[in-house]
Amino acid sequence: MGVSSSLEVDVVRNYVGGEWKASSSGEQLKVVNPATQKVLATVPASTRAEVEAAITAAKKAYPAWRATPPEDRIQYLFKMKQLLEDHFDEIARITTTENGKTLTEAKAELRRGIENVEVACGIPTLMQGYNLEDVARGIDETMIRQPLGVVAAITPFNFPAMIPFWFLPYAIACGNTFILKPSEKVPLTMQRVFEIIEGIGLPPGVLNLINGTKAAVDTLLEHPDVRAISFVGSTPVARYIYATASAHGKRVQCQGGAKNHVLVLPDADMDMTAQVISESAFGCAGQRCLAVSVAVTIGDAQNKFRDIVADRASSLRVGYGLEQGTEMGPVITGESKQRIESLIGAGVSDGAKVLVDGRNPNVKSYEGGNFVKPTILDGLPADSKVASTEIFGPVLSLIHANDVDEGIEILSRTAYGNAASIFTTSGAAARKFRYEAQAGNIGVNIGVAAPMAYFPFSGWRDSFFGVLHAQGRDAVEFYTDKKVVIERWTQSLSRRF
């Protein structure tokens, strides 16, 4: 039996200047449950004027919010955390309904989002500057941090409850006013979150929510009153966002795509390794930028690991994320399903063997859903285009290498640099990998190398465009300007050049 959703078909609204407002746009997009194909709501492609209204509201709210002491600003975040906790299960169910991931995954995602709210509550310390007396005779020097002004974030479909919180709490805790543009595929999670956190009583205009597509994004990128842009999504779009926003003088951080490799050494605990890599590759239907996409087996690890991971992939229960016992849900759209299955076919054409085939599955009671079951491509040539293409689906490719050096060389061929992991009991091998692997997030016996909220969510090469990353101290650096104050309060003169 299917599980019915409590969500009713409705029109998604914008939240601007402390008020919920229906868009006047004639273009409405459907929000569809990817497992059931039920239309959950319609979301507007907001007009340029509506986005500009949100920018105006944020700009109007900024002077008073900036002047609010940090200790007072974080009181709102304490209340925000509590309201998110109070509505935890409700928010997670909405995420599962519109995104497709399992309820367990949705809860884990929201937990990581809340952790960022907790870290941002430390702003009175994190935002502190530093000073030194007598940099010259009678002259003191101080570095202070000040907020930027109006800032905006453009977030993706795959983590609708977590990724907005990489940005939102830090931005407002630092004294900025904030505009969120969530993915039009999954607008319901943030609509409900904003309804909930409206109860914390923030001054109107400090937080704003605008729905839309490229026109809304371009307005944020081009408008002179928006000081900074944060983005998470595919690399081609990240390049566009970074180039356009930078050309308009904005501070920009863009997290792009990934092709994450993991090295499996013969001395690894194979049962644990296969379980962890399986969870990484197939969790969230592979739709996450830290998912393992390629497992490089080293030497004698090849056969044993292949057999165990194939058995685990074959046994995963695929279905609707709200059903108890479901271990993997659908991918987000029919177009995504088609693209993923096409890339599986391309891997076969390049010489890979389909060890576990997840194409065109029959998922009982959800035959119309966007399901691709776990798939394993064995013996994919390292020079195959599929070996360097972001699939963003539940597909694990197996490549063999003779030693760690060859494995690291295979990893280095990809243009991406989001995450890489090694499974071994050798400290020397782990250190070599940590030292040489060209990726921003490194795992040692870890399948999803996801930093905690007080560390930056790193990324290198085509996986990140910018300097300062999301989360933690990087977020505070990103959302503040440094101002250096040099003062003389004595009659004593000195010369220093």
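Up top is the structure these notes are about.
What comes next concerns the included structure. For clarity, every value in this text was computed on a predicted model and none was experimentally measured. (Residues numbered from 1 in each chain as written. Predicted model: local features only at pLDDT ≥ 70, side-chain atom pairs only at ≥ 80, totals over all residues. Heavy atoms only, no water.)

A few words on the overall build of the chain. From N to C terminus, the chain includes 15 helices and 23 strands. The C-alpha radius of gyration computed for the chain amounts to 24 Å, which stays within 12% of the reference 23 Å derived for 497 residues, consistent with globular compactness. Principal-axis analysis of the C-alpha atoms gives the chain an extent of 80 × 55 × 40 Å. Burial analysis of the chain (497 residues in total) assigns 57% to the buried set. Here the contacts in the chain between residues at least 6 apart in sequence split such that 74% fall between residues at least 24 apart. Accessible area of the chain: about 20300 Å², with a carbon and sulfur share of 51%. For the chain, the distance from the average position of its 50 positive side-chain charges to the average position of its 54 negative side-chain charges is 4 Å. (Helix = DSSP H or I, 4+ residues; strand = E, 2+ residues; numbered from the N terminus. Rg over C-alpha atoms; globule rule 2.2 N^0.38 Å. Buried < 20%, exposed > 50% of the residue type's maximum accessible area, 1.4 Å probe, protein only. Contact = heavy atoms within 4.5 Å. Areas by Shrake-Rupley, 256 points an atom, 1.4 Å probe, with all protein chains shown as cover. Lys, Arg positive; Asp, Glu negative; His and termini not counted. Charge placed at Lys NZ, Arg CZ, Asp CG, Glu CD.)

Attention now moves to the pattern of salt bridges. Enumeration over the complete set of coordinates arrives at 26 salt bridges. One salt bridge connects lysine 107 with aspartate 89, and the closest N-O pair in it is separated by 3.7 Å. Highlighted residues: lysine 107 in helix α4 (residues 103-120) and aspartate 89 in helix α3 (residues 88-99), separated in sequence by 18 residues. The exposure class of lysine 107 is partly exposed, given its relative accessible area of 29%. Sharing partners across several salt bridges, the network here consists of Arg13, Glu90, Arg192 and Glu195. (Salt bridge = Lys/Arg side-chain N within 4 Å of Asp/Glu carboxyl O.)

Turning next to the environment of cysteine 289. Here cysteine 289 shows up in the loop between α10 (270-282) and β14 (292-298). What makes cysteine 289 buried here is its relative accessible area of 12%. If near-sequence neighbours (up to four positions away) are discounted, cysteine 289 is found in contact with Asn158, Gly256, Ala258, Asn260, Phe392, Asn418 and Phe457.

Even without being a glycine, glutamine 37 presents a positive backbone phi close to 70°. Tracing the sequence through the fold places glutamine 37 in the loop between β4 (28-32) and β5 (39-44). Since its relative accessible area comes to 34%, glutamine 37 is described here as partly exposed. Of note in the backbone geometry, asparagine 360 takes a positive phi value of approximately 50° without being a glycine.

Two packed helices can be described by the angle between their axes and the distance between those axes. Running from N to C, α3 and α4 point in directions that differ by 120°, and their axes come no closer than 8 Å. With respect to each other, α3 and α4 are oriented oblique. Classified by chirality, the crossing of α4 by α3 is right-handed. The segment α3 lies against α4, with Phe88, Asp89, Ile91, Ala92, Arg93, Thr95 and Thr96 engaging Leu103, Ala106, Lys107, Glu109, Leu110, Arg111 and Ile114. (Axes fitted to C-alpha atoms, helices over the stretch in contact; angles between N-to-C directions. Parallel < 35°, antiparallel > 145°, perpendicular 65-115°, else oblique. Left-handed = near helix turned anticlockwise from the far one by under 90°.)

Hydrogen bonding along the main chain pairs the strands of a sheet, whether they run parallel or antiparallel. One open sheet accounts for three strands, arranged β6-β7-β23; its pairing is antiparallel. At either margin of the open sheet sits one strand with a lone partner, and together these are β6 (130-136) and β23 (480-488). Between one strand axis and the next, the sheet turns by 25° as a mean value, whatever way the strands run. (Pairing = 2+ DSSP bridges.)

What follows concerns a nonpolar patch on the surface. Side chains of Met452, Tyr454 and Phe455 sit close together on the surface and give an oily, nonpolar patch of about 320 Å² of accessible area. Looking at the secondary structure, you find tyrosine 454 in the loop between β20 (441-444) and β21 (460-461). (Patch = residues over 30% accessible without salt bridge, like charges linked within 9 Å, V, L, I, M, F, W, Y side chains within 5 Å.)

So, about the packing of aromatic side chains. Using the criterion set out here, one finds ten aromatic pairs in the structure. For the ring pair tyrosine 15 and phenylalanine 194, a centre distance of 6.1 Å and an interplane angle of 70° mean the geometry is edge-to-face. Here phenylalanine 194 lies in helix α7 (residues 188-197) and tyrosine 15 lies in strand β2 (residues 14-16), a separation of 179 residues in the sequence. In this structure, tyrosine 15 and phenylalanine 194 share a single accessibility class: buried. When the centroid spacing of 5.1 Å and the interplanar angle of 80° are considered together, the rings of phenylalanine 478 and tyrosine 479 count as edge-to-face. Of the residues examined, phenylalanine 478 reaches a relative accessible area of 1% and is grouped as buried. Ring-pair connections join several aromatic residues into one group, and the members of that group are Tyr15, Trp20 and Phe194. Positioned above the aromatic ring of phenylalanine 159 is the side chain of lysine 101, whose terminal nitrogen or guanidinium carbon lies 3.8 Å from the ring centre. (Phe/Tyr/Trp six-rings, centres within 6.5 Å; stacked < 30°, edge-to-face > 60°. Lys NZ or Arg CZ within 6 Å of the ring centre and 35° of its normal.)

Our focus in this paragraph is the side chain of aspartate 378. Relative to the elements of secondary structure, aspartate 378 occurs in strand β16 (residues 375-378). The class for aspartate 378 is buried, based on a relative accessible area of 14%. Filtering out sequence-adjacent residues up to four positions away, aspartate 378 remains in contact with Arg306, Ala352, Lys353, Leu355 and Leu398.

Formed by 62 residues in total, the largest nonpolar core has its most connected members in Leu263, Ile277, Phe305, Ile376, Leu396 and Phe433. Looking at which element gives the most residues to this core, the answer is helix α11 (residues 301-315), with six residues. Those residues in contact with leucine 263 that sit more than four places away from it in its chain are Val296, Ile298, Val404, Gly407, Ile408, Ser421, Ile422, Phe423 and Phe433. Membership of the second largest hydrophobic core comes to 60 residues, among which are Phe165, Phe167, Ile197 and Ile200. (Core = buried A, V, L, I, M, F, W, Y, C linked by side-chain atoms within 4.5 Å.)

In this section: the pairing of strand β11 (residues 226-232). Walk down a regular strand and you will see the side chains alternate between the two sheet faces. For β11, the tally of buried residues reaches six of seven residues, placing the bulk of the element in the interior. Two elements, strand β8 (residues 150-154) and β11, share five bridges in a ladder whose sense is parallel. Pairing of isoleucine 154 across the sheet is with phenylalanine 231, part of β11. Viewed along the sheet, the connection from β11 through helix α9 (residues 235-247) into strand β12 (residues 251-255) turns out right-handed. (Right-handed = clockwise from strand over helix to strand, strands pointing away.)

Turning to the packing of helix α13 (residues 404-412) against helix α14 (residues 427-436), a few remarks are in order. Taken N-terminus to C-terminus, the directions of α13 and α14 make an angle of 25°; their axes are 11 Å apart at the nearest point. In terms of their interaxial angle, α13 and α14 are classed as roughly parallel. For the pair α13 and α14, the crossing hand works out as right-handed. Together, Val404, Asp405, Ile408 and Leu411 of α13 and Lys432, Phe433 and Glu436 of α14 make up the contact between the two elements. Per-class residue counts for the contact of α13 with α14 are four nonpolar, no polar and three charged. (Nonpolar A, V, L, I, M, F, W, Y, C, P; charged D, E, K, R; others polar.)

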